[in-house]
2 protein chains.
Amino acid sequence: MRDRYRTRLDGEPDVIAREEPVVFGTADSGPYTAEELGRLEQTGYLQVPDLVTPDEVETMSAELRRLSQDPEVLADERTVVESTSQEVRSIFEVHLSNPVFSAIAHDPRVVERARQVLGSDVYIHQSRVNFKPGFVGKEFSWHSDFETWHAEDGMPGPRAISISIALTDNYSYNGPLMIMPGSHQEFISCVGETPEDNFKESLVMQGAGTPDTKVLRDFADRYGIDVLTGQAGGATMFDSNCMHASNGNVTPYSRSNVFIVFNSVENACVEPFAAPQPRPHYLGARDHAPI
Amino acid sequence: MRDRYRTRLDGEPDVIAREEPVVFGTADSGPYTAEELGRLEQTGYLQVPDLVTPDEVETMSAELRRLSQDPEVLADERTVVESTSQEVRSIFEVHLSNPVFSAIAHDPRVVERARQVLGSDVYIHQSRVNFKPGFVGKEFSWHSDFETWHAEDGMPGPRAISISIALTDNYSYNGPLMIMPGSHQEFISCVGETPEDNFKESLVMQGAGTPDTKVLRDFADRYGIDVLTGQAGGATMFDSNCMHASNGNVTPYSRSNVFIVFNSVENACVEPFAAPQPRPHYLGARDHAPI
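Keep in mind that what you see is a predicted model, and the values were worked out from it rather than measured.

Peer 1: When you look at the environment of Phe259(B) in this model, what are you seeing that I'm missing?
Peer 2: Residues and elements named next belong to chain B. Locating Phe259 in the fold gives a position in strand 13 (residues 255-264). Separated by 34 residues in sequence, Phe259 and Ile225 place their C-alpha atoms 21 Å apart. Contact partners of Phe259, with chain neighbours within four places excluded, come to Gln126, Ser127, Arg128, Asn130, Asp145, Ser162, Ile163, Ser164 and Phe238.

Structure representation (structure tokens):
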């Protein structure tokens with residue numbers, strides 16, 4: 001398979017224009033209107049207020065609290081803890097391991113949106129619940145998810161979309177998602193080979209797959225930075241190649257969300273494009289059967 | 001002297017109502033209107049757009065850039081570097097060491113506002129230039145400056161005011177100042193004795209003088225959090241007892257400002273209220289002669 005998005009090379013960083021569309025479906029084929037699909041194409045993301053009800057938020061929040069204190073979950077390799085505070089930061093593969101989160105990952109409100117955008121059947125490439133604690137929540141540096149999924153999971157093109165469902169209010173000040181709107185149209189090829197078992201480090205602190213700072217500055221100047229605030233129960237859907245990040249959180253207000261990545265079955269992962277071997281299945285599914 | 005604001009004790013954290021006014025002067029005695037002084041009394045801060053001109057911003061920014069690369073400045077004990085990136089974070093006592101920053105610290109646009117709010121002659125308790133680099137800028141946890149100045153510098157009451165002049169644009173996303181509006185009316189007594197030479201650690205990472213997290217959560221719920229954005233050249237004046245903080249900065253846009261603290265000559269520092277000895281003069285002036 002031709003590699004349209006070469007990355008993790010030696011030498012200079014490079015910027016590659018996207019070949020694929022962002023939206024593969026039409027307004028007839030799902031919940032989004034033509035106007036919404038147009039905005040997604042242009043900015044790379046869409047916010048959906050009140051995707052789930054307050055009761056559903058409470059059910060999922062209670063489940064996240066319970067999981068964060070379950071010794072079995074804490075010992076599981078699919079759980080990532082903050083390097084300094086030792087609090088739970090993410091729990092992966094919850095669409096398989098947990099009935100509450102499996103339900104939302106297969107809910108028509110979510111799946112039909114993913115199918116519409118990707119214009120095909122879909123499968124879940126990754127799922128997780130994220131918890132950014134108050135006072136000590138750590139930042140995520142700028143990155144494109146697709147860069148990692150392409151390099152380390154073997155995802156051929158950026159025909160995948162993520163949905164983040166907010167379980168807490170996102171204020172401008174508690175470390176919300178930031179996106180450079182429009183950045184999904186360009187792929188930043190990152191410098192440096194992927195080390196063996198890179199994922200063990202990269203989930204806590206970014207190493208390989210880090211975009212060059214000069215390129216990031218140029219992207220920020222050209223695209224700007226949108227801060228995605230919104231109330232609990234709302235969702236953000238964003239393209240796999242959006243350049244995004246979040247600041248740390250010194251406020252008392254923690255942030256948590258459910259995060260599900262849908263990939264088109266026509267874009268199913270092959271061998272990694274720039275890593276010795278694929279990451280574990282809980283980071284990048286190897287089972288590509290449609291939902 | 002009676003200690004109205006006991007802190008750094010063993011046992012439980014305590015919240016003490018403020019005794020002093022916030023504004024000691026009147027609309028007749030300086031640049032601020034009665035409406036502005038009323039807002040300062042209520043919220044604990046005031047923003048002044050365009051306090052200095054773009055040319056002045058450029059002069060001060062160039063001077064900060066020059067200082068950040070001057071080996072003599074880097075070696076000076078009054079310079080604080082980021083613990084991880086080794087970039088300059090703050091340079092103290094610039095009102096004495098540097099002609100450019102001395103000029104702004106003595107400028108009538110600044111000093112007359114301080115005199116008006118404090119209702120007396122004033123002297124400079126502390127000055128510094130701060131630089132929060134892009135990508136790796138670190139956070140400042142919640143604190144009241146007065147708590148430190150009282151405990152470690154011997155400032156009797158909260159009759160002091162700070163002015164922060166922005167040398168770069170402050171966006172919601174590059175780690176701007178956050179204030180809990182109204183929090184200046186209550187003093188949080190912090191738990192734990194002050195270690196010897198605490199300042200050497202506390203400028204880089206907070207230890208003694210850290211408010212209790214339950215109290216902070218209660219403050220945030222009652223007072224809310226204001227995010228102080230604004231353009232370069234604008235200034236924020238805020239009461240010495242405001243509960244404030246700032247998040248880190250993963251964006252490409254660095255943040256820098258000039259920070260000057262004025263104290264009333266009627267509130268001149270005495271011996272520390274909760275520390276073995278006063279901090280060095282570049283952190284808390286021991287010369288109280290009025291400007």
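The rest of the description comes next.
Peer 1: How should the sheet that holds strand 2 (residues 45-48) of chain B be read in this particular structure?
Peer 2: The pairing of strands in a sheet comes from backbone hydrogen bonds and takes either a parallel or an antiparallel form. Residues and elements named next belong to chain B. Read across the sheet, seven strands follow the order 2-11-7-13-5-4-3 without closing on themselves; strand pairing throughout is antiparallel. Only two strands of the sheet have a single neighbouring strand rather than two, namely strand 2 and strand 3 (79-81). Sheet twist, expressed as the mean angle between neighbouring strand axes with direction ignored, is 15°. With three bridges joining them, strand 3 and strand 4 (residues 88-92) adopt antiparallel strand pairing. Residue pairing in the sheet places Thr79 in a bridge with Ile91 of strand 4. Where helix 1 (residues 34-43) meets the sheet, it contacts strand 2, strand 7 (160-166) and strand 11 (235-239), and its direction lies at approximately 135° from that of strand 2.

Peer 1: Any chance you could explain the sheet that holds strand 8 (residues 177-179) of chain A here in plain terms?
Peer 2: Residue and element names in this part refer to chain A. The strand order 6-12-8-10 describes an open sheet built from four strands, whose pairing is antiparallel. Both outer strands of the open sheet, strand 6 (140-144) and strand 10 (226-227), are each paired with one neighbouring strand and no more. The strands that helix 7 (residues 145-153) touches are strand 6 and strand 12 (243-246); relative to strand 6, the one it contacts most, it runs at about 65°.

Peer 1: Help me out: how do you make sense of empty space enclosed by the protein in this one?
Peer 2: A probe as big as a water molecule, rolled over the atoms, marks out the empty space that is left. This model, assessed by the stated rule, comprises two cavities of 30 Å³ or more. Residue lining of the largest cavity: 15 residues in total, with Ser172(A), Asn247(A), Ser172(B), Tyr173(B) and Asn247(B) positioned closest to the centre. Split by residue class, the lining of the largest cavity holds eight nonpolar, seven polar and no charged. Each pocket or cavity is described by its volume, and for the second largest cavity that value is around 30 Å³.

Peer 1: Teacher, can you tell me more about helix 6 (residues 108-118) of chain B here?
Peer 2: Think of an α-helix as 3.6 residues a turn; residues three or four steps apart then line up on the same face. Residues and elements named next belong to chain B. Along helix 6, the residues that are buried comprise Val110, Val111, Arg113, Ala114, Gln116, Val117 and Leu118. N-cap assignment for helix 6: the residue whose side-chain oxygen lies 2.8 Å from the backbone N of Arg109 is Asp107. Two residues or fewer after helix 6 comes Gly119, characterised by a positive phi angle close to 65°.

Peer 1: Looking at this structure, I do not really get the interface of chain B and chain A. What am I missing?
Peer 2: Where the parts come together, the accessible area they lose is often given as the size of the interface. Tallying the contact residues gives 24 residues for chain B and 24 residues for chain A. Buried surface at the junction of chain B and chain A, summed over both partners, amounts to about 2000 Å²; 65% is from carbon and sulfur atoms. Counting every contact that joins chain B to chain A gives zero salt bridges. Applying the counting rule to chain B against chain A returns ten residue pairs in polar contact (both at pLDDT 80 or more). Mapped onto the side of chain B that touches chain A, the elements with two or more residues apiece are strand 6 (140-144), helix 9 (213-223) and strand 12 (243-246) of chain B. Of the residues forming the side of chain B that touches chain A, the biggest block, five residues, is contributed by helix 9 of chain B.

Peer 1: How should the relation of the copies chain B and chain A be read in this particular structure?
Peer 2: The relation between the two copies of this chain is a rotation about an axis and a shift parallel to it. Taken as rigid bodies, chain B and chain A are interconverted by a rotation of 180° and an axial shift of 0.0 Å, the fit giving an RMSD of 0.0 Å. Read as a symmetry element, the transformation amounts to a two-fold axis. Here 100% of the interface residues in chain B have copies in chain A that are interface residues too; the copies meet face to matching face.

Peer 1: Could you clarify how one ought to interpret the side chain of Arg255(B) in this entry?
Peer 2: Residues and elements named next belong to chain B. Assignment of secondary structure puts Arg255 in strand 13. For Arg255, a relative accessible area of 10% gives the class buried. At 2.6 Å, the side chain of Arg255 forms a polar contact with the side chain of Asn170. At 2.7 Å, the side chain of Arg255 forms a polar contact with the backbone oxygen of Gly175. Apart from the residues within four sequence positions on either side, Arg255 is in contact with Asn130, Phe131, Lys132, Thr168, Asp169, Asn170, Asn174, Gly175, Pro176 and Leu177.

Peer 1: Can you help me understand the packing of aromatic side chains in this one?
Peer 2: Working definition: an aromatic ring pair is given by the centre-to-centre distance plus the angle between the planes. Across all of its chains, the model carries 14 aromatic pairs over all chains by this definition. Pairing Tyr171(A) with Tyr173(A) gives two aromatic rings, centres 4.9 Å apart and planes at 10°, and the pair type is stacked. On the accessibility criterion, Tyr171(A) (28% relative accessible area) is partly exposed. In this structure Tyr173(A) comes out as buried when scored by relative accessible area, which is 12%. The ring of Phe140(B) carries the charged tip of Arg89(B) above its face, separated from the ring centre by 4.0 Å. The side chain of Arg128(B) reaches across the aromatic face of Phe259(B), ending 4.1 Å from its centre.

Peer 1: What's the story with the side chain of Asp239(A) in this structure? I'm lost.
Peer 2: Residue and element names in this part refer to chain A. Inspection of the secondary structure puts Asp239 in strand 11 (residues 235-239). Only 2.8 Å separates the side chain of Asp239 from the backbone nitrogen of Asn241, close enough to count as a polar contact. Discounting residues that sit within four places of it in the chain, Asp239 has contacts with Arg18, Val22, Gly44, Pro158, Ala160, Ile161 and His184.

Peer 1: Before we go on, may I ask you to explain the pattern of salt bridges in this structure?
Peer 2: Opposite charge on two side chains lets them pair, provided their charged atoms get close. Residue and element names in this part refer to chain B. All told, the structure shown has 40 salt bridges over all chains when counted by the stated rule. When the shortest N-O distance is used, the salt bridge between Glu19 and Arg4 registers 3.6 Å. With a gap of 15 residues between them, Glu19 in the loop between strand 1 (14-17) and helix 1 and Arg4 in the segment before strand 1 connect regions that are remote in the sequence. The exposure class assigned to Arg4 is partly exposed, which follows from its relative accessible area of 23%.

Peer 1: How should I be thinking about helix 9 of chain B in this particular structure?
Peer 2: Residue and element names in this part refer to chain B. Within helix 9 the residues assigned to the buried category are Val215, Leu216, Phe219 and Ala220. Buried residues of helix 9 fall within an arc of 135° about the axis and therefore sit on the same side. Buried residues in helix 9 make contact with strand 1, strand 6, strand 9 (186-189) and strand 12. Where helix 9 begins, the capping side chain belongs to Asp212, and its oxygen is found 3.0 Å from the backbone nitrogen of Lys214. The positive-phi residue at the C-terminal boundary of helix 9 is Gly224, with phi of around 80°.

Peer 1: Quick question: what am I supposed to make of the environment of Asn257(A) here?
Peer 2: All names here are of chain A. Checked against the element boundaries, Asn257 lands in strand 13 (residues 255-264). Along the backbone, Asn257 and Ala105 are 152 residues apart, and their C-alpha atoms lie at a distance of 13 Å. Ignoring any residue separated from it by four or fewer positions in sequence, one finds Asn257 in contact with Arg128, Val129, Asn130, Ser164, Ile165, Ala166 and Leu167.

Basis of the calculations
Residues numbered from 1 in each chain as written. Chains lettered and ligands numbered in written order. Predicted model: local features only at pLDDT ≥ 70, side-chain atom pairs only at ≥ 80, totals over all residues. Heavy atoms only, no water. Helix = DSSP H or I, 4+ residues; strand = E, 2+ residues; numbered from the N terminus. Contact = heavy atoms within 4.5 Å. Pairing = 2+ DSSP bridges. Axes fitted to C-alpha atoms, helices over the stretch in contact; angles between N-to-C directions. 1 Å grid on protein atoms, 1.4 Å probe; cavity = no way out; pocket = protein on both sides within 12 Å on 5 of 7 lines; lining within 4 Å. Points joined across faces, edges and corners; volume = space filled by probe spheres on them. Nonpolar A, V, L, I, M, F, W, Y, C, P; charged D, E, K, R; others polar. Buried < 20%, exposed > 50% of the residue type's maximum accessible area, 1.4 Å probe, protein only. Polar contact = N/O pair within 3.5 Å; in protein donor to acceptor, adjacent residues only side chain to side chain. Buried area = accessible area lost by both parts, 1.4 Å probe. Salt bridge = Lys/Arg side-chain N within 4 Å of Asp/Glu carboxyl O. Least-squares fit on C-alpha atoms with pLDDT ≥ 70 in both. Phe/Tyr/Trp six-rings, centres within 6.5 Å; stacked < 30°, edge-to-face > 60°. Lys NZ or Arg CZ within 6 Å of the ring centre and 35° of its normal. Arc of directions from axis to C-beta.

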